[in-house]
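The chain contents come next:
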Amino acid sequence: MGSVQYPQILEDPLRNRGTAFTAEQRRVLGLDGLLPPAIETLDEQVTRSYEVFRRRPSDLDKYVNLRTLQDTNIVLFYRLLVDHLEEVLPIVYTPTVGLACQRFHRIFRRPRGLTLSYPMRDRLPELLRNRRQKDVDVIVVTDGERILGLGDQGAGGLGIPIGKLALYTAIGGLNPGRTLPIVLDVGTNNQDRIDDPGYLGWRHERIEGQEYDDFVERFVTAVENELPGVLVQWEDFASRNARPILDRYRDRICTFNDDIQGTAAVALGALIGAVEVAGTPLPQQRVVILGAGSAAIGVADEIRHAMMDEGLTAEEARRRFWVVDVDGLLTADRTDLTDAQRVYAREDVGGAGAVAPRGSTTPAAERTTGPLGPGAGLADVVRAVRPTALIGLSTARGAFTEEVVREMAAHVDRPIVLPLSNPTARAEADPRDLMRWTKGRVLMATGSPFPEVEYEGRSVRVAQSNNVYVFPAVGMGVVAAQAARVTDTMLRAAARSLGSLSPALQDPHAPLLPPIGALRDVADTVALAVARAAVDDGVAPQRSDDDLRDRIARARWDPRYAD
């Protein structure tokens, strides 16, 4: 058991076994009388803890119960997660984690991870050295500005990295003692938080511009010096910062942005399975995307590059997309687009018979099939384009209306509809409606969890296009392969590996993604694909598949008490 003695060992969640300490361990460690006399196995502890969890009256109460267990006994916490993953996942992460971030200052019990506040910007290396764990494999960091679909939660955004890293361990098998959640507390523009006397973060409007960039640079420099080689995952940054941060540091440190790249990889994985079932190859898909934030453009980029992998030129692939935001279709004459959005700006508005703008190389056959004017909305675009795939990342609840979906389904045998916004209250469509409006022909995956749908006497499990299918496996693949960078090829390898596991490939009425209960097995397969791609890309040492498979198996941390 090492040299740690009471009271430290009972207060160290990585070492504490609670009622599972044996009689001999209690005697040697001086724990007799400090614990109830009963000695339980880990299985018995899980049964008892699960009963307590089930009795909690609300999802937030269940979240607090699990966080308390995590702060008390790491092995028991993760064994409970693994044994009841499908039930517990929506509590540990989306959608309940969003409410936990909103109430973070009300439910705070014990510190976990690091809060790096702007007023302490000159001391970031010192603050990093204050971490509990010496060795770290993965950092998940947020600035709390764009928490799920809930907006700016300030320092309360720390709940997201905590939840994310719990899944890196429960699913991907990363050692929980080598992970570190961080929030960059740069203020908040959420007046409700600032006015709340219980708010625990820095009470100041958000810093922006060069001050913000300099603070992020200080953070990255401190990480480089204190934890060289660590994987840094950026999480829930606002669109205006997410892409620039990723572009600035992706070739300097081992890093990726899960909202941009992880969301995209899972969406591509679901789409790969769907196009196989629909019978229309990926390069022939007509893709309409509602939303033009960093996540939406990330999904478009991932699918576009996959189309290029399958033979299209960059220009041909770009023409397969129509992206709609709150101001309508992205078109070449708009002046409000970012460079990333402008890739998808259409020149061919006005209908199939319209004259293309001077200099346009878009063939008439690849223009829209009906009139589209400036500011064309989603319904206009769907009527004109007749898409084969409709993807939502807009957080606009109910945006995929009956009119839109029925119009799409009238021209496609198996319409592919992916309402990916979360939390559930922000989903673009309800799966029950999608089944009804398409007469059961829809191929769908959602961003948030939904119950099974009953349709014409059969129950249909709704695939959740949750990033948990990819990011834990990316973490394990990077760690096992000792990758120095996370490349686009690695993420597309993850997506294709996930797509190859689609149950719909065996049964066209089955879900597009494997069941949540199979996530740990999925993670092993996807991690191998990621590690192999890292080797092929030259960002990891040369190793055979057998070596990589062995390294993944040896790196996997399982929730059990060590002998």
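Each chain has its residues counted from 1, following the order in which its sequence is written. Thresholds applied to this predicted model are a pLDDT of at least 70 for local features of residues and 80 or more for the giving and counting of side-chain atom pairs; totals over whole chains, interfaces and linings are not thresholded and use all residues. With hydrogens and water excluded, all non-hydrogen atoms of the structure serve as input to the side-chain values.

J.: So what's going on with the overall build of the chain? Which residues, and what values?
T.: Across its full length, the chain carries 24 helices and 14 strands. Our radius of gyration is a C-alpha quantity, and the globule rule it is checked against amounts to 2.2 Å times the number of residues to the power 0.38. The C-alpha atoms of the chain give a radius of gyration of 24 Å, which matches the 24 Å a tight globule of 563 residues would have. When its C-alpha atoms are laid out on the principal axes, the chain stretches across 85 × 60 × 50 Å. Exposure is judged per residue with a 1.4 Å probe applied to protein chains only, and the accessible area is read against the type maximum: over 50% gives exposed, under 20% gives buried, and values in between give partly exposed. Burial status across the chain gives 58% buried among its 563 residues. Sequence separation of 24 or more characterises 69% of the internal contacts of the chain that already satisfy a separation of 6 or more. Exposure was quantified through the Shrake-Rupley algorithm and a 1.4 Å probe, taking into account, for residues, occlusion by the shown protein chains and nothing else. In the form shown here, the chain has an accessible surface area of approximately 22,500 Å², with 48% of it arising from carbon and sulfur atoms. Charge counting follows a simple rule: Lys and Arg are positive, Asp and Glu are negative, and His as well as the terminal groups are ignored. The atoms used to mark charge sites are NZ of Lys, CZ of Arg, CG of Asp and CD of Glu. Charge centroids of the chain, computed over 67 positive and 77 negative side chains, lie 2 Å from each other. Numbering of helices and strands runs from the N terminus; a helix is a DSSP stretch of H or I covering at least four residues, while a strand is a stretch of E covering at least two. Note on contacts: a residue pair qualifies if any of its non-hydrogen atoms lie within 4.5 Å across the two residues.

J.: Can you lay out the nonpolar core for me, pointing to particular residues and giving the numbers?
T.: Grouped together as the largest cluster of nonpolar side chains are 120 residues, with contacts concentrated most on I303 and I391. Excluding its chain neighbours within four sequence positions, the residues that come into contact with I391 are V287, V288, I289, L290, V299, I303, F400, L418 and L420. We call a set of buried Ala, Val, Leu, Ile, Met, Phe, Trp, Tyr and Cys residues a nonpolar core when their side-chain atoms join them within 4.5 Å. In this structure, L127, L128, W202 and I253 belong to the second largest nonpolar core, which totals 33 residues.

J.: Lay out helix α10 (residues 159-170) in plain terms, naming residues and giving numbers.
T.: In this scheme, a helix's expected span is set at 1.5 Å multiplied by one less than its residue total. For α10, spanning 12 residues, the distance from its first C-alpha to its last is 17 Å, which sits close to the expected 16 Å at 1.5 Å a residue. For α10, the buried fraction is high: 12 of the 12 residues fall into the buried class.

J.: Lay out the packing of helix α5 (residues 74-83) against α10 with the relevant residues and their values.
T.: Between N-to-C directions, angles span 0 to 180 degrees; the directions come from axes that are lines fitted to C-alpha atoms, helices contributing only their stretch in contact. Relative to each other, α5 and α10 sit at 75°, their axes nearing to 10 Å. The orientation of α5 relative to α10 falls into the category roughly perpendicular. Facing α5, whose interface residues are F77, Y78, L81 and V82, α10 presents L165, A166, T169 and A170. Nonpolar residues are Ala, Val, Leu, Ile, Met, Phe, Trp, Tyr, Cys and Pro. Charged residues are Asp, Glu, Lys and Arg, and all others, Gly as well, are polar. Across the contact of α5 with α10, the residue classes tally to 7 nonpolar, 1 polar and no charged. Put simply, angles under 35 degrees are roughly parallel, angles over 145 are roughly antiparallel, angles from 65 to 115 are roughly perpendicular, and the rest are oblique.

J.: Run through the packing of aromatic side chains, naming residues and quoting values.
T.: Pairing of aromatic rings covers Phe, Tyr and Trp, the last counted by its six-membered ring, and requires centre-to-centre distances within 6.5 Å; plane angles under 30 degrees mean stacked, over 60 mean edge-to-face, and any other angle means tilted. Tallied over the entire structure, the rule returns 11 aromatic pairs. Seen from their ring centres, Y50 and F53 are 6.3 Å apart, and the 20° between their planes marks the pair as stacked. In this pair, Y50 and F53 both sit in helix α3 (residues 42-55), 3 residues apart, roughly one turn of the helix. On the basis of an interplanar angle of 75° and a centroid distance of 4.8 Å, the ring pair of F77 and Y78 is categorised as edge-to-face. A single burial state applies to F77 and to Y78, both of which are buried. What links up through ring pairs into an aromatic cluster is the set F219, W234, F237 and Y249. We call a charge positioned over a ring when the NZ of a Lys or the CZ of an Arg lies within 6 Å of the ring centre and within 35 degrees of the ring normal. Taking NZ or CZ as reference, K62 lies 5.5 Å from the ring centre of F53, over its face.

J.: Give a description of unusual backbone geometry that names residues and reports values.
T.: Across the junction of T94 and P95, the peptide omega takes the value 10°, indicating a cis bond. Along the chain, the position of P95 falls in the loop between α6 (85-92) and α7 (96-102). In this structure, D236 takes a positive phi of about 55° despite not being glycine. Here D236 is to be found in the loop between β4 (231-234) and α13 (239-249). Judged by relative accessible area, which is 1%, D236 ranks as buried.

J.: Give a detailed account of the sheet that holds strand β10 (residues 416-419), specifying residues and quantitative values.
T.: When DSSP finds two or more bridges between a pair of strands, those strands are recorded as paired. On the basis of which strands lie adjacent, the open sheet formed by 7 strands has the order β8-β7-β6-β9-β10-β11-β14 and mixed pairing. Looking at strand neighbours, the two that pair on one side only are β8 (328-329) and β14 (463-464), the edges of this open sheet. Relative to strand β11 (residues 443-446), β10 is paired through 2 bridges, and the arrangement is parallel. Note that in β11 the partner of V417 across the bridge is M444.

J.: Lay out the environment of L512 in plain terms, naming residues and giving numbers.
T.: Turning to its location among the elements, L512 is positioned in the loop between α22 (488-500) and α23 (519-536). With a relative accessible area of 1%, L512 lands in the buried category. Separated by 74 residues in the primary sequence, L512 and T438 place their C-alpha atoms 17 Å from one another. Excluding its chain neighbours within four sequence positions, the residues that come into contact with L512 are A270, G273, A274, L418, L443, M444, A445, A463, S502, P503 and A504.

J.: Break down the packing of helix α14 (residues 258-278) against helix α15 (residues 294-309) for me, with residues and values.
T.: At a closest axis distance of 8 Å, the pairing of α14 and α15 adopts a crossing angle of 50°. Looking at the two axes, α14 sits oblique to α15. Our pair here, α14 against α15, has a crossing hand that is right-handed. On α15, the residues touching D259, I260, T263, A264, A265, A267, L268 and L271 of α14 are S294, A295, G298, V299, E302, I303 and A306. Tallied by class, residues from the contact of α14 with α15 come to 10 nonpolar, 3 polar and 2 charged. Each crossing gets its hand from how the near helix is turned against the far one by less than a right angle, where anticlockwise is left-handed and clockwise is right-handed.

J.: Any chance you could break down the sheet that holds strand β2 (residues 138-142) for me, citing the residues and the numbers?
T.: The strand order across the open sheet built from 5 strands is β1-β3-β2-β4-β5, with neighbouring strands paired in parallel fashion. Each edge of the open sheet carries a strand with a single partner, namely β1 (114-117) and β5 (255-257). Here the average twist between neighbouring strands, direction ignored, is 20°. When β4 meets β5, the two strands line up parallel, connected through 3 bridges. Residue pairing for β5: V232 is matched across the bridge by T255. The strands touched by α10 within the sheet are β2, β3 (179-185), β4 and β5, with β2 carrying the most contacts at an inclination of about 155°.

J.: Residues and numbers for the pattern of salt bridges, please.
T.: The working definition used for a salt bridge is a side-chain nitrogen of Lys or Arg within 4 Å of a carboxyl oxygen of Asp or Glu. Evaluated as defined, the whole model comprises 47 salt bridges. The partner of R79 in a salt bridge is D43, with the nearest N and O atoms 2.4 Å apart. Of the two residues, R79 sits in helix α5 while D43 sits in helix α3, which places them 36 residues apart along the sequence. In this structure, R496 and E310 form a salt bridge, with 3.3 Å as the shortest nitrogen-oxygen distance. Linking R496 in helix α22 with E310 in the loop between α15 and α16 (314-318), this pair joins segments that are 186 residues apart in sequence.

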